[in-house]
Amino acid sequence: MLNEKELLEIIEHVERGQSPVFFYDNDVDGFCSYVILRRYIGRGKGVAVKSHPDIDKQYAKKAQELGADYIFVLDRPMLGKEFVSEVNDLQLPIIWIDHHDMDEEKENYDNVFVYNPTRNKTKSAEPTTYLCYSATKRKEDMWVAMIGSIADNFLPEFTEEFVKSYPEYWVKNIKKPFDAYYGTRIGRLLRALSFGLKDSITHVVQLQNFMISAKNPSDVD
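Residues numbered from 1 in each chain as written. Predicted model: local features only at pLDDT ≥ 70, side-chain atom pairs only at ≥ 80, totals over all residues. Heavy atoms only, no water.

**Considerations on the pattern of salt bridges**
Opposite charge on two side chains lets them pair, provided their charged atoms get close.
Here comes step 1: For the structure shown, the criterion picks out 12 salt bridges.
Here comes step 2: Across the pair Lys 137 and Glu 4 runs a salt bridge whose closest N-O atoms are separated by 3.8 Å. Of this pair, Lys 137 sits in the loop between helix H5 (128–136) and helix H6 (142–151) while Glu 4 sits in helix H1 (residues 4–16), and the two are 133 residues apart along the sequence.
Here comes step 3: A residue is classified by how much of its surface remains accessible, and Lys 137, at 48% relative accessible area, is partly exposed.
Here comes step 4: Residue classification places Glu 4 among the exposed positions, given a relative accessible area of 54%.
Here comes step 5: Glu 9 is the salt-bridge partner of Lys 5, the closest N and O atoms lying 2.5 Å from each other. (Salt bridge = Lys/Arg side-chain N within 4 Å of Asp/Glu carboxyl O. Helix = DSSP H or I, 4+ residues; strand = E, 2+ residues; numbered from the N terminus. Buried < 20%, exposed > 50% of the residue type's maximum accessible area, 1.4 Å probe, protein only.)

Here is the structure:
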């Protein structure tokens, strides 16, 4: 898990950004990470990254087009030297929040701030959604955090609180994330989101806007 100092630094970065661009991995964990930070700050643009294994340098140009003053990279195991170089030319900071083992060293990258629990002394690998929610601490976004966590095979410590708040989205005797994924209404929602993220860029942007405005899971169900 990230420590309190790291979580506070994430929030400080988020609040500094007046026109942030959030590049997130094109899966439910990455998507929900973006939604949580975007709902917290109330500004910024989200871009689903579909290039692999690193981020194509063209995404740096996308940040420039969107007028970014801050770049957040969510749930991506690699950045890529060319992407970082292009962003450095724009003199923009990169806030990299992820939970994968880092195959890529920082390579003396300038203006890259890394928040990854696999790098800490007590190593762990909580989903990026969980890390973002732990930073923002907005109870009204707990259901979004639950979706992203289950999607990445993780049952968070606030599961019981979620069940009390949204009992209709859970069933008894859920012990594993896999069971929640396939056996609950919240799992059905995350499967629908996963399907939606495979759609066109236009529809993904519409999905982003819809999730940002949703007040509870019943708005999405």
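**Comments concerning the pairing of strand S2 (residues 45–49)**
Here comes step 1: For S2, a buried count of 4 out of 5 residues is recorded, marking the element as mostly surrounded by other parts of the structure.
Here comes step 2: Taken together, the 5 bridges between strand S1 (residues 20–25) and S2 define a ladder with parallel strand orientation. Among the inter-strand pairings, Asp 25 is bridged to a residue of S2, identified as Val 49.
Here comes step 3: As for the winding sense of the linkage, the β-α-β connection from S1 through helix H2 (residues 28–41) to S2 is right-handed. (Pairing = 2+ DSSP bridges. Right-handed = clockwise from strand over helix to strand, strands pointing away.)

**A short note on the packing of aromatic side chains**
Here comes step 1: Under the definition given, this model contains 14 aromatic pairs.
Here comes step 2: Pairing Tyr 130 with Phe 158 gives two aromatic rings, centres 6.3 Å apart and planes at 5 degrees, and the pair type is stacked. Taken as a pair, Tyr 130 in helix H5 and Phe 158 in the loop between H6 and helix H7 (159–165) lie far apart in primary sequence, 28 residues in all.
Here comes step 3: For the ring pair Tyr 181 and Tyr 182, a centre distance of 4.7 Å and an interplane angle of 50 degrees mean the geometry is tilted.
Here comes step 4: What links up through ring pairs into an aromatic cluster is the set Phe 22, Tyr 24, Phe 31, Tyr 34, Tyr 70 and Phe 72. (Phe/Tyr/Trp six-rings, centres within 6.5 Å; stacked < 30°, edge-to-face > 60°.)

**Quick word on the sheet that holds strand S3 (residues 70–74)**
Here comes step 1: Pairing in this open sheet of 5 strands is parallel, and the strands run S2-S1-S3-S4-S5 from one edge to the other. Each edge of the open sheet is held by one strand with a lone partner, namely S2 and strand S5 (112–115). Each adjacent strand pair in this sheet contributes to an overall mean axis angle of 20 degrees, direction not counted.
Here comes step 2: Contacting S3, strand S4 (94–97) and S5, H1 runs over the sheet at an angle of about 135 degrees to S5.
Here comes step 3: Sheet contacts for H2: S1, S2, S3 and S4; angle to S1, the most-contacted strand, approximately 155 degrees. (Axes fitted to C-alpha atoms, helices over the stretch in contact; angles between N-to-C directions. Contact = heavy atoms within 4.5 Å.)

Function-wise, these values are silent; they only describe arrangement.
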